[in-house]
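# Per-entry structural report
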Amino acid sequence: MVDVLLGLQWGDEGKGKIVDFFAKDYDMIARFQGGPNAGHTLYVQEKKIVLHQIPSGVFHSNTINLIGSGVVLDPVVLKKECDLVESFGVDLRKNLFISERTHLILPTHRALDKASELSKGNQKIGSTLKGIGPTYMDKTGRNGLRVGDLMDKSFITNYIKLRLKHQRILDSHSFNEDIHEWEEEFFEAVEFLKSLNIVNGEYFVNKHINEGKKILAEGAQGSMLDVDFGTFPFVTSSNTISAAVCNGLGIAPQKIREVMGVSKAYCTRVGSGPFPTELENETGEKLRSIGSEFGATTGRPRRCGWIDLVALNYACMINGVTKLILTKADVLDAFDELKICIAYKIDGKETTQMPFQMSRIKIEPILSTFPGWNKDTTNVKSFSGLPEKMKTYVEFINKETGVDIHYISNGPGRDQLISVN
Ligand code: GDP
Ligand code: IMO
Ligand code: MG
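Residues numbered from 1 in each chain as written. Chains lettered and ligands numbered in written order. Predicted model: local features only at pLDDT ≥ 70, side-chain atom pairs only at ≥ 80, totals over all residues. Heavy atoms only, no water.

## Concerning the site of ligand 2
Quick note on the threshold: Residues are labelled near a given molecule or strand when at least one of their non-hydrogen atoms is within 4 Å of it. Throughout this description, a polar contact denotes any pair of N or O atoms lying within 3.5 Å of each other; where both atoms belong to protein, one of them has to be capable of donating a hydrogen while the other can accept it, and for residues adjacent in sequence the pair is counted only when both atoms sit in side chains. Accessibility throughout is a Shrake-Rupley quantity obtained with a 1.4 Å probe, and a residue counts as covered only by protein chains that appear here. Residues are called lining when one of their atoms sits within 4 Å of a cavity or pocket point, these points coming from a 1 Å grid over the protein atoms alone, where a cavity is a set in which a 1.4 Å probe fits but cannot get out and a pocket is an open set with protein on both sides within 12 Å along at least five of seven lines. In this scheme, a molecule is assigned to a cavity or pocket if more than half of its atoms are within 2 Å of the grid points. In this classification, the charged set is Asp, Glu, Lys and Arg, the nonpolar set is Ala, Val, Leu, Ile, Met, Phe, Trp, Tyr, Cys and Pro, and all remaining amino acids, among them Gly, are polar.
Surveying the vicinity of ligand 2 reveals 20 residues, the closest of which are Asp12, Lys15, His40, Thr128 and Thr236. Between Asp12 and ligand 2, the recorded distance is 2.8 Å, taken from a backbone N or O atom to an oxygen atom. Residue Gly39 places a main-chain N or O atom 2.9 Å away from an oxygen atom belonging to ligand 2. The protein chains hide 97% of the 550 Å² of surface that ligand 2 would expose on its own. In a pocket analysis with a 2 Å cut-off to the grid points, ligand 2 is assigned to the largest pocket. Its residues placed into classes, the shell around ligand 2 shows seven nonpolar, ten polar and three charged.

Structure, rendered in structure tokens:
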């Protein structure tokens, strides 16, 4: 049986904290897409840790962790992450597994990402520059190299072939940064990667399912960054929605049970692209400063705005969300007034549907106003202890999405999570 936990907005919804919270109830946590563009924050022994590629269950000794076939993996980032995780006494030889089908991010993929963004000028995506797009391009273009290929003696020849191909593209972009140092690091990290548990991911995961084990698939990025259903072209290069769990792990759709969707009580976005409820004013700055809204991977300030129910309902629909988890509700503790977007006005017409493209049109959000609760909620332990005005705000989201909110997160800490039932 497989449950899914994923982000419903533009990423950074607090997925890492929630996966870490649930991990003890699962036998396996599996990443199924994305790569080191992700930054999932958790607190272990009061220390803040940001994981990019290792699943967020790694600090629970009875839970194994799988980097699935749909992920794109940078060995250099992985080695650094492993060193950090091991410094907490975690035995990665025991609880980390990597699928042999996982595609490798090469140093030239990172260079190509940089060159591509530079060539786009002010139309740039705002990529994390981790090489994600070029690596997925080589996967679908049938040129990429995979973790399992590292064991073959043809690896180096194939690496050189692909590197030359990349070099020609880089030359055409007049990209002349010296990547020799990146390559040195890469080959050192490759040796380390070869010493980890590399498995046939689809047999590995299905064997666990057949033995009755519980698996949690951990999403990266968010539904609005999905390459097909997000705000294209300002998206990432993978499918981030629940359907991608099947592709990314090699499991059948009927194995999926719950789809848990995580949304902030407001909304953020990092990088370029449409964001109808964005607040480019003092209120937006207040959200950013109280919510510490700075990217976990790049440190960039996150754009902030009100929660958007048009986008959230759309995300619930395309994912088949069965349970909602509302995070960072405490960030709204100190506002006199709050707003929720219930529809868009486009060309004078109201709609509750996401338009197919959002970059060339002007979208005016239709907002409902709610009174703020103006109370510190970070120490509250039960739903009944929350301020009435906060309950009204939460219940409105519940009613409009038609999906029950099961948990409300009221702080970054492991114990700051309130069960609604
Ligand atoms: P992810 O990518 O979805 O895992 O989210 P990130 O880790 O990139 O960003 C979420 C940030 O919010 C992290 O700094 C978390 O420590 C923090 N966070 C998570 N949940 C809460 C919450 O309920 N309240 C507050 N104030 N911070 C939270
Ligand atoms: P987590 O898992 C927020 C954004 C980038 C950029 C766009 C494309 O932590 O929620 P890419 O590097 O994929 O080429 O960038 O997607 N982006 C994220 N934003 N959280 C993430 O991951 C993201 N991963 C990518 O900022 O706008
Ligand atoms: Mg993040």
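## Considerations on the site of ligand 1
Using the following cut-off: Helix and strand definitions follow DSSP, with helices as H or I runs of at least four residues and strands as E runs of at least two, each counted in order from the N terminus.
Near ligand 1 lie 19 residues; those nearest to it are Gly14, Lys15, Thr41, Asp330 and Ser409. Within the backbone of Glu13, a nitrogen or oxygen atom sits 3.1 Å from an oxygen atom of ligand 1. Here an oxygen atom of ligand 1 sits 2.8 Å away from a polar atom, N or O, in the main chain of Gly14. Summarising the interface, the protein chains cover 93% of the accessible area of ligand 1, which totals 580 Å² for the free molecule. Listing elements by their share of the shell around ligand 1, those giving two or more residues are helix H1 (15–22) and strand S3 (40–44). The class makeup of the residues in the shell around ligand 1 is four nonpolar, eight polar and seven charged.

## Here's the deal with a nonpolar patch on the surface
Applicable threshold: Surface patches are defined over residues having more than 30% relative accessible area and no salt bridge, joining like charges when they lie within 9 Å and nonpolar side chains (Val, Leu, Ile, Met, Phe, Trp, Tyr) when within 5 Å. Whenever a carboxyl oxygen of Asp or Glu lies within 4 Å of a side-chain nitrogen of Lys or Arg, that contact is scored as a salt bridge.
A surface patch of nonpolar side chains, about 270 Å² in accessible area, is lined by Ile156, Ile160 and Leu164. Its location among the elements puts Leu164 in helix H6 (residues 155–172).

## Points about the packing of helix H11 (residues 309–319) against helix H12 (residues 388–401)
What counts, and what does not: Helix axes use the C-alpha atoms of the stretch in contact, all axes being lines fitted to C-alpha atoms, and the angles between their N-to-C directions lie in the range 0 to 180 degrees. Roughly parallel refers to an angle under 35 degrees, roughly antiparallel to one over 145, roughly perpendicular to one between 65 and 115, and oblique to any angle outside these ranges. Crossing chirality is assigned from the near helix's rotation relative to the far helix, an anticlockwise turn below a right angle marking it left-handed and a clockwise turn marking it right-handed. In this analysis, two residues are considered to be in contact whenever any of their non-hydrogen atoms come within 4.5 Å of each other.
Close contact between H11 and H12 brings their axes to 10 Å; oriented N to C, the two are set at 50°. The angle between the axes of H11 and H12 places the two elements in the oblique class. Where H11 crosses over H12, the handedness of that crossing is right-handed. Between H11 and H12, the contacting residues are Leu309, Leu312 and Asn313 on the first element and Phe396, Ile397, Glu400 and Thr401 on the second. Of the residues assigned to the contact of H11 with H12, the class counts are four nonpolar, two polar and one charged.

## Remarks on the domain arrangement of the chain
Here is the rule we go by: These domain limits were set by an automatic method or by a database of domain assignments. Two parts placed together each lose some accessible area under a 1.4 Å probe, and the buried area is that loss summed for both.
Looking at the chain, the domain boundaries give domain 1 (2–102 + 198–260), domain 2 (105–193) and domain 3 (264–419). Relative to domain 3, the C-alpha centre of domain 1 lies at a distance of 24 Å. Facing the 37 residues of domain 1 at the interface are 40 residues of domain 3. Between domain 1 and domain 3, a total of about 3,100 Å² is buried, with carbon and sulfur atoms accounting for 60% of that surface. By the criterion of area lost to domain 3, the three top residues of domain 1 are Leu8, Trp10 and Lys17, representing 23% of everything that side buries. Where domain 1 meets domain 3, there are two salt bridges. Close ionic contact of Asp20 with Arg414 constitutes a salt bridge, the shortest N to O distance being 2.6 Å.

## Considerations on the coordination of the magnesium ion (ligand 3)
Around a metal, the ideal angle is 109.5 degrees if four donors adopt a tetrahedral arrangement and 90 or 180 degrees if six donors adopt an octahedral arrangement. Short version of the rule: Water is not part of the atom set, so a site may look incomplete; the donors themselves are N, O and S atoms within 2.8 Å of the metal, or 3.2 Å for Na, K and Ca.
Distances from the magnesium ion (ligand 3) to its protein donors, Asp12 (OD) and Gly39 (O), fall within 2.1 to 2.2 Å. Placement of Asp12 in the loop between strand S1 (2–7) and H1 and of Gly39 in the loop between strand S2 (28–31) and S3 is noted, with a sequence separation of 27 residues between them.

## Here we look at the pairing of S2
Strand residues, when the strand is regular, have side chains that alternate between the two faces of the sheet. Quick note on the threshold: Relative accessible area decides the class of each residue, using a 1.4 Å probe on protein chains only: under 20% of the type maximum gives buried, over 50% gives exposed, and in between gives partly exposed. Pairing between strands requires that DSSP locate at least two bridges from one strand to the other.
Here S2 shows no split at all, with Met28 and Ala30 on one side and Ile29 and Arg31 on the other all buried. In this sheet, strand S5 (residues 64–67) lies alongside S2 in parallel orientation, the contact comprising four bridges. Among the inter-strand pairings, Ile29 is bridged to a residue of S5, identified as Asn65. One ladder, built from four bridges, connects S2 with strand S10 (residues 215–218); its direction is parallel. Paired with Met28 across the strands is Ile215, a residue of S10.

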